[in-house]
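Here's the letter readout for the chains.
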Amino acid sequence: MSMTYLLIFGIYTILTIFIVSKDVNHPFATVMVGGYAIFLIASLCYFLSAILWKARKLPRPELQRRTRRFILYFVIFFGLSFLINLSDPNYYKSISIAFGMSLGLSFFDLVLLPKKN
């Protein structure tokens, strides 16, 4: 399941980057980029719900460790993003990047990797 998802994600990401960078003006290109956006939104919803569903079954010390790691990554990525864009800060962009990166680094194994015994 996860290999199929990653393969589809990789192919569509490369195609979308190509379409956007070459400024392809074709009806299929518009549909493809729109479908990719829907795919990303659906993936976000799935990952958030899967993380919440599986995180509730984690032992308390493991959940606390992952939460501390999430907060640490969030502070680091928000600070770096803020420092890079110090002259023109965009808080919405900085917070969304920090949230996505820290969530992915802290909890992605719950969703994509097989369960360990």
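Going by the structure above, here's the rest.
Residues numbered from 1 in each chain as written. Predicted model: local features only at pLDDT ≥ 70, side-chain atom pairs only at ≥ 80, totals over all residues. Heavy atoms only, no water.

Now for the pattern of salt bridges. Scanning all chains against the criterion turns up 3 salt bridges. Among the ionic pairs, Arg65 bridges to Glu62, the shortest N-O distance being 2.6 Å. Of this pair, Arg65 and Glu62 are both found in helix α3 (residues 60-84), 3 residues apart, which corresponds to roughly one turn of the helix. Classification of Arg65 as partly exposed rests on a relative accessible area of 37%. A residue is classified by how much of its surface remains accessible, and Glu62, at 21% relative accessible area, is partly exposed. In this structure, a network of salt bridges that share partners links the residues Glu62, Arg65, Arg66 and Asp109. (Salt bridge = Lys/Arg side-chain N within 4 Å of Asp/Glu carboxyl O. Helix = DSSP H or I, 4+ residues; strand = E, 2+ residues; numbered from the N terminus. Buried < 20%, exposed > 50% of the residue type's maximum accessible area, 1.4 Å probe, protein only.)

So, on to the layout of surface pockets. There is about 470 Å³ of room inside the largest pocket. Surrounding the largest pocket, 18 residues form its lining, Ser43, Leu44, Phe47, Gly100 and Gly104 being those nearest its centre. Put simply, the parts of the chain that give the lining of the largest pocket at least two residues each are α1 (2-22), α2 (27-55) and α4 (91-112). Across the lining of the largest pocket, the residue classes break down as 14 nonpolar, 4 polar and no charged. (1 Å grid on protein atoms, 1.4 Å probe; cavity = no way out; pocket = protein on both sides within 12 Å on 5 of 7 lines; lining within 4 Å. Points joined across faces, edges and corners; volume = space filled by probe spheres on them. Nonpolar A, V, L, I, M, F, W, Y, C, P; charged D, E, K, R; others polar.)

For the rest of this paragraph, the subject is the side chain of Ser94. Its location among the elements puts Ser94 in helix α4. Apart from the residues within four sequence positions on either side, Ser94 is in contact with Phe78, Ser81 and Phe82. (Contact = heavy atoms within 4.5 Å.)

Another point: the packing of α3 against α4. Contact geometry for α3 and α4: axes closest at 8 Å, N-to-C directions at 150°. α3 and α4 meet at a crossing whose hand is right-handed. Counted by class, the contact of α3 with α4 contains 15 nonpolar, 5 polar and 3 charged residues. (Axes fitted to C-alpha atoms, helices over the stretch in contact; angles between N-to-C directions. Left-handed = near helix turned anticlockwise from the far one by under 90°.)

Next up on the list: the packing of α1 against α2. Between α1 and α2, the shortest axis-to-axis distance is 10 Å and the interhelical angle comes to 140°. Relative to α2, the element α1 is oriented oblique. Seen along the crossing, α1 lies across α2 with a hand that is left-handed. On α2, the residues touching Tyr5, Ile8, Phe9, Tyr12, Thr13, Leu15, Thr16 and Ile19 of α1 are Ala29, Met32, Val33, Tyr36, Phe39, Leu40, Ser43 and Phe47. Considered class by class, the residues forming the contact of α1 with α2 number 13 nonpolar, 3 polar and no charged. (Parallel < 35°, antiparallel > 145°, perpendicular 65-115°, else oblique.)

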